[in-house]
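Next come the chains, spelled out residue by residue.
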Amino acid sequence: MHQDGDPRKASSGKSVTAHPLAFLALVMANVLLAFGPVFVRISDVGPVAAGFWRIALAAPILLAVALGGGWRPAGLGRGVWIALVIGGLCFAADLASWHLGIKKTQLANATLFGNSATLFFPVYGFLLARAWPSRSQGFALLLALLGAGLLMGRSLQVRADQFYGDLLCLTAGILYTIYFVAMAKARDTMAPVPALAMSTLASLLPLLIFAWTLGEKILPTDWWPLIGLALASQVFGQGLMTFVLGQLSPMVIGIALLTQPVIAATVGWLWYNEKLDGWDLLGAAAVAVALVLVRRERKDAAPLAPDGTVGA
């Protein structure tokens, strides 16, 4: 039983009754998270240090909300604590890799590769959680991946100046998938804000160590980009995403993640003159259609329960 009183097990593929606003929360989470790279680029600290401040500024807010809501860190099983620590460590490594990659490749590429969990997380759902897709959902995933491939078409060219950044962002995407799996486990018994607060605290020290080891500038002169990063990406963006992990299936979450590179590509076009061509626009349209298809397929998250029965 969830501490928030919701009988959901979307992460395990069992029957769920999703909150009416879960899908809207998922879309809003991806919109907010898509602006993270912009704040990292305009901050005057190192990229990993920016990740540290994202966590350091958000942690007191999240912890205050969790404690103010009556939650206390007591009664949690060993497995939940392990999941939170693993989630926090993987998130720290994810941010470090991704933020380093953001400054070495295009904005759309960084967001797309950084969210390669869009493929890995549904695979986890298929193989381990047994959240099998319907035909419509499978088609939506293929359409979304095709759209993402069109969107990143230029990145597939041999470009030495972007390859290292793309590789870092892809590594971040793999770590982000492990973070999702760990947080889905924690969400089986925890409300979203306490789960996010604890995993956020677990990622704080590793990010500081990473930034210091790399010799980055850590103390900022201009605070507003870091405050924006903390609020948009961690408090609200990741907060909504953590809420969704207790509501929707890996398939739906994975497809929705592909909205981030679409938004990031638009921002890169308008802000950094990273121009889009017809193939980019076609790819963005394919992702949008896939999201509509997977939304219309069913209101809940788990298309197939482990015992072979359709989720309610």
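Worth saying up front: this structure is predicted, and the values here are computed from it rather than measured.

What counts and how
Residues numbered from 1 in each chain as written. Predicted model: local features only at pLDDT ≥ 70, side-chain atom pairs only at ≥ 80, totals over all residues. Heavy atoms only, no water. Helix = DSSP H or I, 4+ residues; strand = E, 2+ residues; numbered from the N terminus. Buried < 20%, exposed > 50% of the residue type's maximum accessible area, 1.4 Å probe, protein only. Contact = heavy atoms within 4.5 Å. Areas by Shrake-Rupley, 256 points an atom, 1.4 Å probe, with all protein chains shown as cover. Phe/Tyr/Trp six-rings, centres within 6.5 Å; stacked < 30°, edge-to-face > 60°. pLDDT = per-residue confidence, 0-100. Core = buried A, V, L, I, M, F, W, Y, C linked by side-chain atoms within 4.5 Å. Axes fitted to C-alpha atoms, helices over the stretch in contact; angles between N-to-C directions. Parallel < 35°, antiparallel > 145°, perpendicular 65-115°, else oblique. Left-handed = near helix turned anticlockwise from the far one by under 90°. Nonpolar A, V, L, I, M, F, W, Y, C, P; charged D, E, K, R; others polar. Salt bridge = Lys/Arg side-chain N within 4 Å of Asp/Glu carboxyl O. Lys, Arg positive; Asp, Glu negative; His and termini not counted.

### Focus on the overall build of the protein
Link 1 in the chain: Of regular secondary structure, the protein possesses 13 helices and zero strands.
Link 2 in the chain: Put simply, the protein runs from its N terminus to its C terminus through helices and strands in the order α-α-α-α-α-α-α-α-α-α-α-α-α.
Link 3 in the chain: Residues counted as buried form 57% of the 312 residues belonging to the protein.
Link 4 in the chain: Considering only contacts in the protein between residues 6 or more positions apart, those separated by 24 or more positions represent 89%.
Link 5 in the chain: Of the roughly 13000 Å² that the protein leaves accessible, carbon and sulfur atoms contribute 72%.

### Brief notes about the packing of aromatic side chains
In this description, a pair of aromatic rings is defined by centroid distance and the angle of the planes.
Link 1 in the chain: The full count for this structure, using the stated rule, is seven aromatic pairs.
Link 2 in the chain: For the pair F39 and W224, a centre-to-centre distance of 6.3 Å together with 85° between the ring planes defines the contact as edge-to-face. One end of the pair, F39, is in helix α2 (residues 36-42); the other, W224, is in helix α10 (residues 224-245), and 185 residues separate them in sequence.
Link 3 in the chain: A centroid spacing of 4.5 Å and a plane angle of 40° characterise the contact between Y176 and F180, whose relative ring orientation is tilted. With Y176 and F180 both in helix α8 (residues 160-187) and four residues apart, the pair spans about one turn of that helix. Just as Y176 is buried, F180 falls in that class too.
Link 4 in the chain: Among the aromatic residues, those joined into a cluster by ring pairs are F91, Y176, Y179 and F180.

### Observations regarding the confidence of the model for the protein
Link 1 in the chain: Of all residues in the protein, 72% have pLDDT values of 70 or greater, and the mean over the chain is 77.
Link 2 in the chain: Taken as a whole, residues 1-15 scores under 50 in pLDDT and shows 52 contacts with residues more than four places along the chain or in a different chain.
Link 3 in the chain: In the model, residues 298-312 has pLDDT below 50 throughout and makes 41 contacts with residues more than four positions away in sequence or in other chains.

### What to know about the nonpolar core
Link 1 in the chain: Ranked by internal contacts, the top residues of the largest apolar core, which has 61 residues, are L26 and M241.
Link 2 in the chain: Considering each element in turn, this core owes the most residues, ten residues, to helix α3 (residues 47-68).
Link 3 in the chain: Discounting residues that sit within four places of it in the chain, M241 has contacts with L26, A29, N30, L33, Y176, F180, I253 and L257.
Link 4 in the chain: Judged by nonpolar contacts, the second largest core, of twelve residues, contains L141, L143, V287 and A290.

### Observations regarding the packing of α3 against helix α4 (residues 78-102)
Link 1 in the chain: Packing of α3 against α4 leaves a shortest axis separation of 8 Å and a crossing angle of 140°. The pairing of α3 with α4 is recorded here as oblique in orientation. Seen from above, α3 lies across α4 with right-handed handedness. Where α3 approaches α4, its residues P47, V48, A50, G51, R54 and I55 are matched on the opposing element by F91, L95, A96, W98, H99 and L100.
Link 2 in the chain: Its residues placed into classes, the contact of α3 with α4 shows nine nonpolar, two polar and one charged.

### Examining the pattern of salt bridges
Link 1 in the chain: Scanning the entire structure with this criterion turns up one salt bridge.
Link 2 in the chain: Salt-bridge contacts for D44 lead to K217; the nearest nitrogen and oxygen are separated by 4.0 Å. One end of the pair, D44, is in the loop between α2 and α3; the other, K217, is in the loop between α9 (192-213) and α10, with 173 residues separating them in the sequence.
Link 3 in the chain: By relative accessible area, D44 is classed as partly exposed at 27%.

### Describing the packing of α4 against α9
Two packed helices can be described by the angle between their axes and the distance between those axes.
Link 1 in the chain: For the pair α4 and α9, interaxial distance at closest approach is 7 Å and the crossing angle is 45°. Accordingly, the angle class assigned to the pair α4 and α9 is oblique. Here α4 runs over α9; the crossing is right-handed. Each of W81, L84, V85, G88, L89, F91, A92, A93, L95 and A96 in α4 lies in contact with α9, whose residues at this interface are A195, M198, S199, A202, S203, P206, L207 and F210.

### Quick word on the side chain of D94
Link 1 in the chain: Here D94 shows up in helix α4.
Link 2 in the chain: No salt bridge is formed by the buried D94, whose closest oppositely charged neighbour, R54, lies at an N-O distance of 6.6 Å.
Link 3 in the chain: Not counting residues within four places of it along the chain, the set of residues in contact with D94 comprises A172, L175 and Y176.

### Quick look at the environment of V235
Link 1 in the chain: Counting through the fold element by element, V235 comes out in helix α10.
Link 2 in the chain: Once you skip the residues sitting within four places of it in the chain, V235 turns out to touch A58, I61, L62 and A230.

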